[in-house]
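# Secondary and tertiary structure notes
Below, each chain spelled out in residue letters.
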Amino acid sequence: MHEVAIMDEAVRMAVDTAKSSGASRVLGLRLRIGTLSGVVPEAMRFAFDVVCRGTMAEGASLEIESVPASCWCAQCRKEFECADLLNECPRCLNVSGELRRGRELEIASVELE
Amino acid sequence: MGGENVVIGDHSHDHEHDHHHEHGHDHEHAHGGKTVSLNRSLLEKNDRLAERNRGFFKAKRLLVLNVVSSPGSGKTTFIRETAKKLGKKLRVGVIVGDLATDNDAAELRKAKIPVVQITTGTVCHLDAEMVSKAAAQLDLDKLDVLVIENVGNLVCPADYDLGEDLRVVLLSTTEGEDKPLKYPPMFHSANVVIVAKNDLAAAAGFNRQQALANLKRISHHAEIFELSSKTGEGMEAWLDFLAKQREERSNG
Ligand SMILES: Nc1nc2c(ncn2[C@@H]2O[C@H](COP(=O)(O)OP(=O)(O)OP(=O)(O)O)[C@@H](O)[C@H]2O)c(=O)[nH]1
Ligand SMILES: [Mg+2]
Ligand SMILES: [Zn+2]
(Lines give C-alpha, C1' and ligand atoms only; values in the text may rest on other atoms or scores of the structure.)
(Ligands and ions follow the chains in the order given, each with its own letter.)
Protein backbone atom coordinates (compact mmCIF):
# COMPACT_ATOMS: atom_id res chain seq x y z
CA MET A 1 0.00 0.00 0.00
CA HIS A 2 1.27 3.41 -0.95
CA GLU A 3 -0.66 5.58 1.47
CA VAL A 4 2.54 7.03 2.90
CA ALA A 5 3.74 8.20 -0.52
CA ILE A 6 0.34 9.69 -1.36
CA MET A 7 0.09 11.41 2.00
CA ASP A 8 3.62 12.71 1.66
CA GLU A 9 2.64 14.33 -1.63
CA ALA A 10 -0.45 15.88 -0.03
CA VAL A 11 1.55 17.36 2.84
CA ARG A 12 4.22 18.60 0.43
CA MET A 13 1.56 20.43 -1.60
CA ALA A 14 0.06 21.88 1.57
CA VAL A 15 3.41 23.08 2.85
CA ASP A 16 4.36 24.55 -0.56
CA THR A 17 1.08 26.42 -0.64
CA ALA A 18 1.65 27.72 2.86
CA LYS A 19 5.13 28.93 1.98
CA SER A 20 4.13 30.59 -1.25
CA SER A 21 1.30 32.46 0.42
CA GLY A 22 3.41 33.51 3.38
CA ALA A 23 1.50 31.49 5.96
CA SER A 24 3.20 30.34 9.12
CA ARG A 25 1.44 27.07 9.63
CA VAL A 26 -0.85 24.54 7.98
CA LEU A 27 -3.90 24.09 10.17
CA GLY A 28 -5.71 21.50 8.13
CA LEU A 29 -5.89 19.51 4.92
CA ARG A 30 -8.96 18.39 3.11
CA LEU A 31 -8.63 15.42 0.79
CA ARG A 32 -11.06 13.90 -1.66
CA ILE A 33 -10.75 10.15 -1.98
CA GLY A 34 -12.80 7.93 -4.24
CA THR A 35 -14.05 4.62 -2.90
CA LEU A 36 -12.31 2.87 -5.80
CA SER A 37 -9.03 4.75 -5.53
CA GLY A 38 -7.34 1.78 -3.89
CA VAL A 39 -6.18 3.68 -0.83
CA VAL A 40 -7.55 2.96 2.61
CA PRO A 41 -8.67 6.06 4.55
CA GLU A 42 -7.58 4.53 7.85
CA ALA A 43 -4.10 4.00 6.50
CA MET A 44 -4.11 7.58 5.19
CA ARG A 45 -4.84 8.86 8.67
CA PHE A 46 -2.09 6.79 10.12
CA ALA A 47 0.37 7.98 7.47
CA PHE A 48 -0.70 11.59 8.02
CA ASP A 49 0.64 11.77 11.56
CA VAL A 50 3.95 10.28 10.51
CA VAL A 51 4.39 12.46 7.45
CA CYS A 52 3.46 15.75 9.16
CA ARG A 53 5.99 15.37 11.91
CA GLY A 54 8.60 18.11 11.81
CA THR A 55 6.89 20.06 9.01
CA MET A 56 4.75 23.21 8.93
CA ALA A 57 1.79 20.86 8.99
CA GLU A 58 2.61 19.25 12.30
CA GLY A 59 -0.55 19.08 14.39
CA ALA A 60 -2.80 19.88 11.42
CA SER A 61 -6.22 18.33 11.12
CA LEU A 62 -7.12 15.97 8.33
CA GLU A 63 -10.51 15.84 6.71
CA ILE A 64 -11.27 13.14 4.19
CA GLU A 65 -14.20 13.48 1.87
CA SER A 66 -15.16 10.09 0.53
CA VAL A 67 -16.43 10.13 -3.04
CA PRO A 68 -18.77 7.27 -3.93
CA ALA A 69 -18.16 5.62 -7.27
CA SER A 70 -20.50 6.49 -10.06
CA CYS A 71 -20.81 5.19 -13.58
CA TRP A 72 -22.11 6.79 -16.73
CA CYS A 73 -24.90 5.10 -18.61
CA ALA A 74 -24.51 5.98 -22.27
CA GLN A 75 -28.01 4.77 -23.02
CA CYS A 76 -29.81 6.89 -20.44
CA ARG A 77 -27.17 9.62 -20.59
CA LYS A 78 -27.17 9.75 -16.82
CA GLU A 79 -24.79 8.98 -13.99
CA PHE A 80 -25.67 6.39 -11.40
CA GLU A 81 -23.98 5.39 -8.18
CA CYS A 82 -22.22 2.04 -8.27
CA ALA A 83 -20.36 0.10 -5.59
CA ASP A 84 -17.83 -1.11 -8.14
CA LEU A 85 -17.65 -1.35 -11.90
CA LEU A 86 -20.18 -4.13 -12.13
CA ASN A 87 -23.38 -2.46 -11.25
CA GLU A 88 -26.06 -2.13 -13.81
CA CYS A 89 -27.89 1.06 -14.50
CA PRO A 90 -31.01 1.14 -12.29
CA ARG A 91 -33.02 2.53 -15.19
CA CYS A 92 -32.13 0.40 -18.19
CA LEU A 93 -30.23 -2.47 -16.52
CA ASN A 94 -27.29 -2.14 -18.88
CA VAL A 95 -23.87 -2.61 -17.36
CA SER A 96 -21.89 0.55 -17.86
CA GLY A 97 -18.16 0.52 -18.25
CA GLU A 98 -17.47 4.15 -17.80
CA LEU A 99 -16.46 5.16 -14.35
CA ARG A 100 -17.09 8.87 -13.87
CA ARG A 101 -16.20 9.22 -10.20
CA GLY A 102 -14.69 7.06 -7.51
CA ARG A 103 -11.00 7.05 -8.39
CA GLU A 104 -10.24 10.49 -6.96
CA LEU A 105 -7.05 11.04 -5.05
CA GLU A 106 -7.03 14.77 -4.62
CA ILE A 107 -6.19 17.53 -2.25
CA ALA A 108 -9.26 19.74 -2.18
CA SER A 109 -8.05 22.54 0.04
CA VAL A 110 -5.75 23.56 2.84
CA GLU A 111 -6.35 25.73 5.83
CA LEU A 112 -3.53 28.10 6.62
CA GLU A 113 -2.55 30.43 9.41
CA MET B 1 1.66 27.00 -8.57
CA GLY B 2 -1.63 26.34 -6.86
CA GLY B 3 -3.30 28.93 -4.72
CA GLU B 4 -6.08 29.90 -7.06
CA ASN B 5 -9.34 30.85 -5.34
CA VAL B 6 -7.86 32.16 -2.18
CA VAL B 7 -10.72 32.83 0.18
CA ILE B 8 -9.59 34.64 3.26
CA GLY B 9 -11.33 33.78 6.50
CA ASP B 10 -13.88 31.55 4.84
CA HIS B 11 -14.96 28.69 7.01
CA SER B 12 -18.02 27.64 5.12
CA HIS B 13 -16.62 24.43 3.70
CA ASP B 14 -19.86 23.87 1.86
CA HIS B 15 -20.28 20.24 2.73
CA GLU B 16 -22.26 18.19 0.35
CA HIS B 17 -23.75 15.85 2.83
CA ASP B 18 -24.37 13.00 0.49
CA HIS B 19 -20.60 12.57 0.69
CA HIS B 20 -20.20 10.78 3.98
CA HIS B 21 -17.25 11.94 5.98
CA GLU B 22 -14.82 9.48 7.33
CA HIS B 23 -15.17 10.35 10.93
CA GLY B 24 -16.50 13.38 12.61
CA HIS B 25 -14.02 15.99 13.59
CA ASP B 26 -14.42 19.51 14.69
CA HIS B 27 -14.77 21.83 11.71
CA GLU B 28 -14.82 24.95 13.83
CA HIS B 29 -11.15 25.80 13.68
CA ALA B 30 -10.93 28.37 16.40
CA HIS B 31 -8.09 30.13 14.60
CA GLY B 32 -8.30 32.91 12.10
CA GLY B 33 -7.20 30.64 9.30
CA LYS B 34 -7.81 31.02 5.61
CA THR B 35 -8.90 28.26 3.33
CA VAL B 36 -7.08 27.85 0.03
CA SER B 37 -8.70 25.70 -2.62
CA LEU B 38 -6.27 23.49 -4.49
CA ASN B 39 -8.24 20.72 -6.21
CA ARG B 40 -5.12 19.00 -7.42
CA SER B 41 -4.49 15.34 -8.03
CA LEU B 42 -2.08 13.70 -5.63
CA LEU B 43 -0.82 11.70 -8.57
CA GLU B 44 -0.07 14.69 -10.80
CA LYS B 45 3.68 14.43 -10.39
CA ASN B 46 3.66 10.81 -11.51
CA ASP B 47 1.22 11.53 -14.32
CA ARG B 48 3.48 14.27 -15.62
CA LEU B 49 6.56 12.07 -15.55
CA ALA B 50 4.62 9.24 -17.18
CA GLU B 51 3.69 11.52 -20.07
CA ARG B 52 7.30 12.50 -20.42
CA ASN B 53 8.29 8.81 -20.51
CA ARG B 54 5.64 8.14 -23.12
CA GLY B 55 6.96 10.89 -25.38
CA PHE B 56 10.51 9.71 -24.91
CA PHE B 57 9.65 6.07 -25.65
CA LYS B 58 7.66 7.11 -28.67
CA ALA B 59 10.59 9.02 -30.06
CA LYS B 60 12.67 5.88 -29.59
CA ARG B 61 10.02 3.91 -31.48
CA LEU B 62 9.60 1.51 -28.59
CA LEU B 63 6.48 -0.45 -27.78
CA VAL B 64 6.22 -0.38 -23.99
CA LEU B 65 4.29 -2.89 -21.89
CA ASN B 66 3.43 -2.63 -18.19
CA VAL B 67 2.86 -6.18 -16.95
CA VAL B 68 0.92 -6.59 -13.71
CA SER B 69 -0.63 -9.45 -11.75
CA SER B 70 -0.87 -10.99 -8.31
CA PRO B 71 2.38 -12.45 -6.96
CA GLY B 72 3.33 -15.63 -8.75
CA SER B 73 0.82 -15.47 -11.60
CA GLY B 74 3.63 -16.05 -14.09
CA LYS B 75 4.85 -12.60 -15.16
CA THR B 76 8.56 -13.39 -15.33
CA THR B 77 8.03 -16.65 -17.17
CA PHE B 78 5.62 -15.00 -19.60
CA ILE B 79 8.02 -12.13 -20.29
CA ARG B 80 10.95 -14.51 -20.76
CA GLU B 81 9.05 -16.69 -23.22
CA THR B 82 7.71 -13.66 -25.07
CA ALA B 83 11.22 -12.24 -25.42
CA LYS B 84 12.67 -15.56 -26.55
CA LYS B 85 9.98 -16.20 -29.13
CA LEU B 86 10.03 -12.68 -30.53
CA GLY B 87 13.72 -13.41 -30.81
CA LYS B 88 15.02 -12.37 -34.18
CA LYS B 89 11.93 -10.45 -35.20
CA LEU B 90 11.87 -7.93 -32.39
CA ARG B 91 14.43 -7.17 -29.73
CA VAL B 92 13.05 -7.05 -26.20
CA GLY B 93 14.47 -5.39 -23.10
CA VAL B 94 13.04 -5.73 -19.60
CA ILE B 95 12.74 -3.61 -16.48
CA VAL B 96 11.91 -5.71 -13.44
CA GLY B 97 10.54 -4.40 -10.18
CA ASP B 98 11.09 -6.77 -7.34
CA LEU B 99 10.68 -6.30 -3.63
CA ALA B 100 14.03 -7.53 -2.46
CA THR B 101 15.55 -10.31 -4.47
CA ASP B 102 17.37 -10.36 -7.76
CA ASN B 103 15.79 -13.68 -8.80
CA ASP B 104 13.57 -12.45 -11.60
CA ALA B 105 16.34 -10.38 -13.16
CA ALA B 106 18.79 -13.28 -12.89
CA GLU B 107 16.34 -15.59 -14.59
CA LEU B 108 15.92 -13.19 -17.51
CA ARG B 109 19.63 -12.53 -17.77
CA LYS B 110 20.23 -16.27 -18.07
CA ALA B 111 18.06 -16.16 -21.18
CA LYS B 112 20.31 -13.38 -22.58
CA ILE B 113 17.63 -10.73 -22.32
CA PRO B 114 18.84 -7.19 -21.50
CA VAL B 115 17.39 -6.45 -18.09
CA VAL B 116 17.50 -3.77 -15.41
CA GLN B 117 16.35 -4.53 -11.92
CA ILE B 118 14.60 -1.98 -9.73
CA THR B 119 14.74 -3.04 -6.12
CA THR B 120 11.63 -1.49 -4.73
CA GLY B 121 12.18 -2.36 -1.08
CA THR B 122 8.86 -1.88 0.64
CA VAL B 123 7.27 -0.06 -2.27
CA CYS B 124 4.17 -1.74 -3.61
CA HIS B 125 4.28 -0.47 -7.19
CA LEU B 126 6.63 1.02 -9.74
CA ASP B 127 6.29 4.68 -10.59
CA ALA B 128 7.21 6.70 -13.65
CA GLU B 129 10.37 8.10 -12.10
CA MET B 130 11.78 4.67 -11.28
CA VAL B 131 11.06 3.56 -14.82
CA SER B 132 12.74 6.57 -16.36
CA LYS B 133 15.90 5.98 -14.30
CA ALA B 134 15.95 2.28 -15.08
CA ALA B 135 15.36 2.87 -18.78
CA ALA B 136 18.43 5.11 -18.88
CA GLN B 137 20.51 2.03 -18.05
CA LEU B 138 19.33 0.15 -21.14
CA ASP B 139 20.60 0.67 -24.65
CA LEU B 140 17.16 1.62 -25.95
CA ASP B 141 18.32 2.21 -29.50
CA LYS B 142 18.96 -1.51 -29.73
CA LEU B 143 15.43 -2.41 -28.61
CA ASP B 144 11.99 -2.59 -30.23
CA VAL B 145 9.94 -3.61 -27.23
CA LEU B 146 10.39 -2.61 -23.60
CA VAL B 147 8.60 -4.78 -21.05
CA ILE B 148 8.17 -3.59 -17.49
CA GLU B 149 7.42 -6.25 -14.90
CA ASN B 150 5.59 -4.45 -12.13
CA VAL B 151 5.47 -5.52 -8.50
CA GLY B 152 3.16 -8.49 -7.87
CA ASN B 153 0.10 -6.59 -6.67
CA LEU B 154 -3.29 -5.86 -8.23
CA VAL B 155 -4.17 -2.77 -6.22
CA CYS B 156 -1.40 -0.20 -6.07
CA PRO B 157 0.03 -0.36 -9.61
CA ALA B 158 -3.42 0.55 -10.94
CA ASP B 159 -2.91 4.18 -9.87
CA TYR B 160 0.51 4.62 -11.41
CA ASP B 161 0.89 5.31 -15.10
CA LEU B 162 4.43 4.44 -16.16
CA GLY B 163 4.17 5.84 -19.67
CA GLU B 164 3.40 2.46 -21.17
CA ASP B 165 1.55 1.86 -24.44
CA LEU B 166 -0.22 -1.22 -23.17
CA ARG B 167 -1.16 -2.36 -19.72
CA VAL B 168 -1.04 -6.14 -19.67
CA VAL B 169 -2.81 -7.84 -16.76
CA LEU B 170 -2.22 -11.53 -16.06
CA LEU B 171 -4.84 -13.78 -14.55
CA SER B 172 -3.58 -17.31 -14.00
CA THR B 173 -5.90 -20.29 -14.12
CA THR B 174 -4.75 -21.28 -10.63
CA GLU B 175 -6.05 -18.17 -8.94
CA GLY B 176 -9.76 -18.29 -9.52
CA GLU B 177 -12.13 -16.81 -12.03
CA ASP B 178 -13.50 -14.17 -9.65
CA LYS B 179 -10.21 -12.21 -9.53
CA PRO B 180 -11.43 -9.58 -12.01
CA LEU B 181 -14.41 -8.89 -9.78
CA LYS B 182 -12.20 -8.44 -6.74
CA TYR B 183 -9.85 -5.96 -8.40
CA PRO B 184 -12.06 -3.98 -10.75
CA PRO B 185 -9.88 -0.89 -11.20
CA MET B 186 -6.88 -2.90 -12.35
CA PHE B 187 -8.80 -5.16 -14.70
CA HIS B 188 -10.77 -2.20 -15.96
CA SER B 189 -7.57 -0.41 -16.91
CA ALA B 190 -6.19 -3.39 -18.85
CA ASN B 191 -5.49 -3.11 -22.56
CA VAL B 192 -4.62 -6.77 -22.66
CA VAL B 193 -5.60 -9.60 -20.33
CA ILE B 194 -3.53 -12.78 -20.41
CA VAL B 195 -5.21 -15.88 -19.03
CA ALA B 196 -1.94 -17.51 -17.97
CA LYS B 197 -0.90 -21.06 -17.03
CA ASN B 198 -3.58 -22.42 -19.29
CA ASP B 199 -1.90 -25.84 -19.12
CA LEU B 200 -3.06 -26.04 -15.50
CA ALA B 201 -6.67 -25.04 -16.20
CA ALA B 202 -8.18 -28.51 -15.98
CA ALA B 203 -6.15 -29.55 -12.95
CA ALA B 204 -7.05 -26.32 -11.14
CA GLY B 205 -10.74 -26.69 -11.96
CA PHE B 206 -10.65 -23.33 -13.70
CA ASN B 207 -14.10 -22.27 -14.86
CA ARG B 208 -13.16 -20.74 -18.20
CA GLN B 209 -16.66 -19.68 -19.18
CA GLN B 210 -17.13 -17.81 -15.93
CA ALA B 211 -13.70 -16.21 -16.10
CA LEU B 212 -14.29 -14.89 -19.60
CA ALA B 213 -17.72 -13.63 -18.63
CA ASN B 214 -16.21 -11.77 -15.67
CA LEU B 215 -13.48 -10.33 -17.85
CA LYS B 216 -15.97 -9.16 -20.45
CA ARG B 217 -17.88 -7.32 -17.76
CA ILE B 218 -14.88 -5.55 -16.29
CA SER B 219 -12.21 -5.37 -18.96
CA HIS B 220 -14.41 -4.03 -21.73
CA HIS B 221 -11.68 -2.76 -23.95
CA ALA B 222 -9.13 -5.48 -23.39
CA GLU B 223 -7.85 -8.02 -25.88
CA ILE B 224 -7.88 -11.41 -24.19
CA PHE B 225 -5.30 -14.14 -24.82
CA GLU B 226 -5.42 -17.58 -23.22
CA LEU B 227 -1.99 -19.16 -23.18
CA SER B 228 0.62 -21.19 -21.41
CA SER B 229 4.16 -19.83 -21.15
CA LYS B 230 5.26 -23.33 -20.22
CA THR B 231 3.91 -25.30 -23.18
CA GLY B 232 3.80 -22.40 -25.62
CA GLU B 233 0.17 -23.11 -26.42
CA GLY B 234 -1.61 -19.90 -27.39
CA MET B 235 1.58 -17.85 -27.60
CA GLU B 236 1.39 -17.38 -31.38
CA ALA B 237 -1.70 -15.17 -31.30
CA TRP B 238 -0.18 -13.00 -28.58
CA LEU B 239 3.10 -12.59 -30.45
CA ASP B 240 1.29 -11.67 -33.68
CA PHE B 241 -0.72 -9.10 -31.78
CA LEU B 242 2.45 -7.59 -30.32
CA ALA B 243 4.17 -7.43 -33.68
CA LYS B 244 1.14 -5.68 -35.13
CA GLN B 245 1.02 -3.18 -32.25
CA ARG B 246 4.65 -2.36 -32.67
CA GLU B 247 4.18 -1.98 -36.43
CA GLU B 248 1.26 0.42 -36.01
CA ARG B 249 3.11 2.56 -33.53
CA SER B 250 6.37 2.82 -35.37
CA ASN B 251 4.52 3.91 -38.50
CA GLY B 252 2.32 6.38 -36.68
N1 LIG C 1 2.45 -24.90 -15.29
C2 LIG C 1 2.84 -23.66 -15.50
N3 LIG C 1 3.58 -22.99 -14.59
C4 LIG C 1 3.96 -21.72 -14.83
C5 LIG C 1 3.57 -21.06 -16.01
N6 LIG C 1 4.08 -19.80 -15.97
C7 LIG C 1 4.75 -19.71 -14.81
N8 LIG C 1 4.67 -20.86 -14.11
C9 LIG C 1 5.27 -21.14 -12.78
O10 LIG C 1 4.65 -20.30 -11.81
C11 LIG C 1 5.61 -19.87 -10.83
C12 LIG C 1 5.64 -18.37 -10.75
O13 LIG C 1 6.04 -17.87 -12.02
P14 LIG C 1 6.76 -16.47 -12.20
O15 LIG C 1 6.92 -16.29 -13.67
O16 LIG C 1 7.96 -16.37 -11.35
O17 LIG C 1 5.64 -15.52 -11.63
P18 LIG C 1 5.72 -13.94 -11.32
O19 LIG C 1 4.37 -13.40 -11.58
O20 LIG C 1 6.84 -13.35 -12.06
O21 LIG C 1 6.02 -13.95 -9.77
P22 LIG C 1 6.44 -12.67 -8.86
O23 LIG C 1 7.45 -11.89 -9.64
O24 LIG C 1 6.99 -13.29 -7.63
O25 LIG C 1 5.17 -11.92 -8.59
C26 LIG C 1 6.94 -20.47 -11.25
O27 LIG C 1 7.16 -21.66 -10.54
C28 LIG C 1 6.73 -20.77 -12.74
O29 LIG C 1 7.52 -21.85 -13.18
C30 LIG C 1 2.78 -21.79 -16.97
O31 LIG C 1 2.40 -21.28 -18.04
N32 LIG C 1 2.45 -23.06 -16.65
MG1 LIG D 1 8.41 -12.17 -11.36
ZN1 LIG E 1 -29.22 3.30 -18.22
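Chains are numbered independently. Their residues run from 1 in the order of the written sequence. The lettering of chains begins at A and the numbering of ligands begins at 1, in the order of writing. Whole-chain, interface and lining totals are the exception, using all residues; otherwise, since this is a predicted model, local features are given only for residues with pLDDT of at least 70 and side-chain atom pairs are given and counted only at 80 or more. Side-chain metrics in this entry use all non-hydrogen atoms of the structure; hydrogen atoms and water are not considered.

### Considering the site of ligand 1
Residues and elements named next belong to chain B. Selection rule: By convention in these notes, a residue is near a molecule or strand provided one of its non-hydrogen atoms lies within 4 Å of it. In protein, a polar contact means a hydrogen-donor-capable atom and an acceptor-capable atom, both N or O and within 3.5 Å, with residues adjacent in sequence counting only if both atoms are side-chain atoms; elsewhere, any N or O pair within 3.5 Å suffices. Reported accessibility uses the Shrake-Rupley method at a 1.4 Å probe radius. Residues are deemed covered only where the shown protein chains occlude them. The distinction between a cavity and a pocket rests on a 1 Å grid over the protein atoms alone: a 1.4 Å probe fits inside a cavity but cannot get out, while a pocket stays open yet meets protein on both sides within 12 Å along at least five of seven lines, and a residue with an atom within 4 Å of a point counts as lining. Molecule-in-pocket calls rest on the fraction of atoms, with more than half required to lie within 2 Å of the cavity or pocket grid points. Only runs of H or I of at least four residues qualify as helices and only runs of E of at least two qualify as strands under DSSP, and these elements are numbered from the N terminus. In this classification, Asp, Glu, Lys and Arg are treated as charged, Ala, Val, Leu, Ile, Met, Phe, Trp, Tyr, Cys and Pro as nonpolar, and every other residue, Gly included, as polar.
For ligand 1, the set of nearby residues contains 15 residues, the closest of which are K75, T76, T77, D104 and D199. Contact between ligand 1 and D104: an oxygen atom at 3.0 Å from a side-chain N or O atom of the residue. Measuring from an oxygen atom of ligand 1, one finds a backbone N or O atom of K230 at 3.2 Å. Summarising the interface, the protein chains cover 69% of the accessible area of ligand 1, which totals 650 Å² for the free molecule. For ligand 1, the cavity whose grid points lie within 2 Å of the majority of its atoms is the second largest pocket. For the shell around ligand 1, the leading source of residues is helix α2 (residues 75–86), giving 3 residues. Per-class residue counts for the shell around ligand 1 are 2 nonpolar, 7 polar and 6 charged.

### Things to note about the sheet that holds strand β5 (residues 98–101) of chain A
Residue and element names in this part refer to chain A. We count it as follows: What makes two strands pair is DSSP finding at least two bridges between them. To get an axis, a line is fitted to the C-alpha atoms, and for a helix only the part in contact is used. The angle between two axes follows their N-to-C directions and goes from 0 to 180 degrees.
Across the sheet, which stays open at both edges, the 3 strands sit in the order β4-β3-β5 with antiparallel pairing between neighbours. Pairing within the sheet leaves two strands with one partner each, and these edge strands are β4 (78–81) and β5. Each strand of the sheet is rotated relative to its neighbour by a mean of 40°, with strand direction disregarded. Alignment of strand β3 (residues 70–73) against β5, held across 3 bridges, turns out to be antiparallel.

### Topic: the side chain of D161 of chain B
Residues and elements named next belong to chain B. Heads up, the rule is: Residue contacts are counted whenever heavy atoms from the two residues lie within 4.5 Å of one another.
Its place among the elements puts D161 in the loop between β6 (145–149) and β7 (166–172). Within the structure, the side chain of D161 is placed 2.7 Å from the side chain of R54, a separation counted as a polar contact. A polar atom in the side chain of D161 sits 2.9 Å from the backbone nitrogen of G163. The contact partners of D161, leaving out residues within four places of it in the chain, are N46, D47, A50, E51, R54, A128 and R167.

### Re the pairing of β6 of chain B
Residues and elements named next belong to chain B. Counted only if it meets this: Only protein chains enter the accessibility calculation, which uses a 1.4 Å probe; a residue is then buried when its area is under 20% of its type maximum, exposed when over 50%, and partly exposed in between.
Counting buried positions along β6 gives 5 out of 5 residues, so the element sits mostly inside the fold. Residues V145, V147 and E149 of β6 are buried on one face, and the alternating residues L146 and I148, pointing to the opposite face, are buried as well. Note that strand β3 (residues 63–68) and β6 share 5 bridges and pair parallel. Across the sheet, residue L63 finds its bridge partner in β6, namely V145. With 5 bridges connecting them, strand β4 (residues 92–98) and β6 associate as parallel partners. Residue pairing across strands places V96 opposite E149, the latter belonging to β6.

### Regarding the confidence of the model for chain B
Residues and elements named next belong to chain B. Which entries qualify depends on this criterion: pLDDT measures how confident the predictor is about each residue, on a scale from 0 to 100.
Mean pLDDT over chain B works out to 87, with 86% of the residues at or above the 70 mark. Every residue in residues 1–30 is under pLDDT 50, and counting partners more than four places away or in other chains gives 56 contacts. Overall fold confidence for the complex sits at a pTM of 0.86, while the interface term, ipTM, reaches 0.90.

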